[in-house]
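Letter by letter, the chains look like this.
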Amino acid sequence: MAYDYPVTVRFQHCDPARIVFYPRYFEMVNACVEAWFEDEIGVSFGCMHTEREIGVPTVQLDSRFVRPSRLEDRLILRLQMIQLTSKSLTVLIKILGDDELRAEFTVTLALVDLKAMSSITWQQQPDIYAALQQQQQK
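Residues numbered from 1 in each chain as written. Predicted model: local features only at pLDDT ≥ 70, side-chain atom pairs only at ≥ 80, totals over all residues. Heavy atoms only, no water.

K.L.:
Looking at this model, I keep getting lost on the sheet that holds strand S8 (residues 118-120). Mind explaining?
P.N.:
Strand-to-strand pairing in sheets goes through backbone hydrogen bonds, with the strands running parallel or antiparallel. Strand order in the open sheet formed by three strands is S2-S7-S8, and the pairing between neighbours is antiparallel. What marks the edges here is a single partner per strand, and that holds for strand S2 (54-55) and S8. Across two bridges, S2 lies against strand S7 (residues 111-113) in antiparallel orientation. Among the inter-strand pairings, Ile54 is bridged to a residue of S7, identified as Asp113. (Pairing = 2+ DSSP bridges. Helix = DSSP H or I, 4+ residues; strand = E, 2+ residues; numbered from the N terminus.)

Here you go:
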């Protein structure tokens, strides 16, 4: 099951040609992942970082740009979980506008203990792991 995150292209996202400046897509992708964790997994980045002292850094990011997006376009970032291992989570995010693919990103995340600054397994956070497993089955 996919998670949809809507974004309207604003002036802040654009270059002088009024198209999305490609690094802004990376910010949109990160915002989508953050919203998905809060809305679907049930744990906000704020809670992870401040209360649990864990984080989910991106360890690999592949991108493909297909068509430009322009000022005031309404986009949907569609996130789908594609792989969960004990130490990584990979999601595919397609950016759609007017039902056409604008860009797509494959994002691999890890789970880290922020105090020790070391990788830990998803199983060490049982509620997050259970929610991820549920997402994988949808």
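Here the narrative resumes, following the displayed structure.
K.L.:
Explain the nonpolar core to me, please; I cannot follow it from the model alone.
P.N.:
In a soluble, globular protein the nonpolar side chains are often hidden away together inside. Counting residues in hydrophobic clusters, the biggest one holds 40 residues, and the most contacted among them are Trp36, Phe37, Leu89, Ile93, Trp122 and Leu132. Breaking this core down by element, the ones donating at least two residues are strand S1 (3-8), helix H1 (22-41), helix H2 (45-52), strand S4 (74-84), strand S5 (89-97), strand S6 (100-109) and helix H3 (126-137). Per element, the largest residue contribution to this core is nine residues, and it comes from H1. Those residues in contact with Leu132, other than ones at most four positions away along the chain, are Trp36, Ile41, Met81, Leu84, Leu89 and Trp122. (Core = buried A, V, L, I, M, F, W, Y, C linked by side-chain atoms within 4.5 Å. Buried < 20%, exposed > 50% of the residue type's maximum accessible area, 1.4 Å probe, protein only. Contact = heavy atoms within 4.5 Å.)

K.L.:
Just to check I follow, could you spell out the pattern of salt bridges for this structure?
P.N.:
Side chains that differ in sign of charge can pair as their charged atoms come close. In this structure the tally under the stated criterion is nine salt bridges. Where Glu104 meets Arg64, a salt bridge forms, and the shortest distance between an N and an O atom there is 3.0 Å. Of the two residues, Glu104 sits in strand S6 while Arg64 sits in strand S3 (residues 58-65), which places them 40 residues apart along the sequence. On the basis of relative accessible area, Glu104 is assigned to the buried category, the value being 18%. On the basis of relative accessible area, Arg64 is assigned to the partly exposed category, the value being 43%. One salt bridge connects Glu100 with Arg67, and the closest N-O pair in it is separated by 3.4 Å. Placement of Glu100 in strand S6 and of Arg67 in the loop between S3 and S4 is noted, with a sequence separation of 33 residues between them. Overall, Arg67 belongs to the partly exposed group, its relative accessible area being 44%. Among the charged side chains, a network of salt bridges with common partners joins Arg67, Asp73, Asp98, Glu100 and Arg102. (Salt bridge = Lys/Arg side-chain N within 4 Å of Asp/Glu carboxyl O.)

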